[in-house]
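Here's the letter readout for the chains.
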Amino acid sequence: MALYAAEGIVLGTRNWGEADKVMTVFTREQGLLRAAAFGCRRPRSPLAGAMQMFVHADLQIAEGTRLETIKTAVVRAHHAKISLDLTALAYATFAAEVIREFLPEGVSDEAFFDRLTHILTAFETRNPRVTALAAVLQTLAAAGLQQNYERCLHCGAPIAGDASFLAREGGTLCTDCRVPGTSDFPEELRTLLLGLESFDWENPAPLRVRGSTLMTAESLVLAHVQELVGHPLRALTFLAQLE
């Protein structure tokens, strides 16, 4: 069984058997992968501390025909503050589920991996609701599934000021191209979505968000995510219970 090294962040865990877990890990080298962590639920297992949600670790992984196996793990960061804040945990879990749904397995994306390390830190230090929305928008962009907020879908003109949004086509229409079925798309909403989609986690600019605008942005993005996934996201049930 060939061994290889990987730097990874745990984005999903599922109990398996009496003492094992199946992990979903986003790695720098391989992108998303699934791997078994045998015995990690035993208190004295050397893997126990690392096989937890949002842990960032250096891994030794054995190749498998159906499932990789995590052999060793050295923790780089625990992001324990996320688990101590129920709201941060709920929104971070939602972001992780979106990543698992939309990013392909086995495809390296080092830029997104680096971004994810900063996103997890932001869940510990910034507004988790805003952080989650930015993380989801950037995940959709990394997967090539983002909506169009900058140019008119029909004529291609750059959008300036208030516009319209056509959900069934996933983007913006200028005032000249407005058709039945569109909804209002104020400049404030569009500016927020664009700002979050391009948010620089390493050098964050001040971000002022009105609650009503944030709620509208969330509704628009969640409707898009739900349409793409085609089934309810489990993390949204968690969030609804909090609210």
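Above this text is the structure in question.
Residues numbered from 1 in each chain as written. Predicted model: local features only at pLDDT ≥ 70, side-chain atom pairs only at ≥ 80, totals over all residues. Heavy atoms only, no water.

A. Molecular detail of the overall build of the protein. Regarding its fold elements, the protein presents seven helices and nine strands. Computed over its C-alpha atoms, the radius of gyration of the protein comes to 20 Å, within 12% of the 18 Å expected for a compact globule of 243 residues. By principal-axis analysis of the C-alpha atoms, the protein measures approximately 65 × 35 × 35 Å. Sorting the 243 residues of the protein into buried and exposed places 47% on the buried side. In the protein, of all internal contacts separated by at least 6 residues, the share reaching a separation of at least 24 is 57%. In the protein, 22 side chains carry a positive charge and 28 a negative one; their mean positions are 6 Å apart. (Helix = DSSP H or I, 4+ residues; strand = E, 2+ residues; numbered from the N terminus. Rg over C-alpha atoms; globule rule 2.2 N^0.38 Å. Buried < 20%, exposed > 50% of the residue type's maximum accessible area, 1.4 Å probe, protein only. Contact = heavy atoms within 4.5 Å. Lys, Arg positive; Asp, Glu negative; His and termini not counted. Charge placed at Lys NZ, Arg CZ, Asp CG, Glu CD.)

B. Layout of the sheet that holds strand β2 (residues 20-27). Spatial strand order, β1-β2-β3-β5-β4: five strands in a closed barrel with mixed pairing. Within this sheet the neighbouring strands show an average axis-to-axis angle of 50°, counted without direction. Packing of helix α2 (residues 86-102) onto the sheet brings it into contact with β1 (3-16), β2 and β3 (31-37), and relative to β1 it is tilted by some 115°. Sitting on the sheet, helix α3 (residues 110-125) touches β1, β2 and β4 (56-62), and the angle it makes with β1 is about 50°. (Pairing = 2+ DSSP bridges. Axes fitted to C-alpha atoms, helices over the stretch in contact; angles between N-to-C directions.)

C. Representation of the nonpolar core. By size, the foremost hydrophobic cluster in this structure holds 50 residues, and its most contacted members are F26, F123, Y149, L193, V221 and V225. Counting residues per element, the ones that place at least two in this core are β1, α2, α3, α4 (128-142), α5 (187-197), α6 (211-229) and α7 (234-242). Leaving out residues up to four positions away in the same chain, L193 has contacts with L137, Y149, F185, A217, L220 and V221. (Core = buried A, V, L, I, M, F, W, Y, C linked by side-chain atoms within 4.5 Å.)

D. Local environment of the pattern of salt bridges. Tallying each qualifying case throughout the model produces nine salt bridges. Here E105 ties to R34 by a salt bridge, and the two come within 4.0 Å at their closest N and O atoms. Taken as a pair, E105 in the loop between α2 and α3 and R34 in strand β3 lie far apart in primary sequence, 71 residues in all. Residue classification places E105 among the exposed positions, given a relative accessible area of 53%. Classification of R34 as partly exposed rests on a relative accessible area of 36%. Where R178 meets D184, a salt bridge forms, and the shortest distance between an N and an O atom there is 3.1 Å. By relative accessible area, R178 is classed as partly exposed at 41%. Accessibility expressed as a relative area gives 57% for D184, which makes it exposed. In this structure, a network of salt bridges that share partners links the residues E7, R28, D58, R76, E110 and D114. (Salt bridge = Lys/Arg side-chain N within 4 Å of Asp/Glu carboxyl O.)

None of the figures reported here should be taken as evidence of function without further support.
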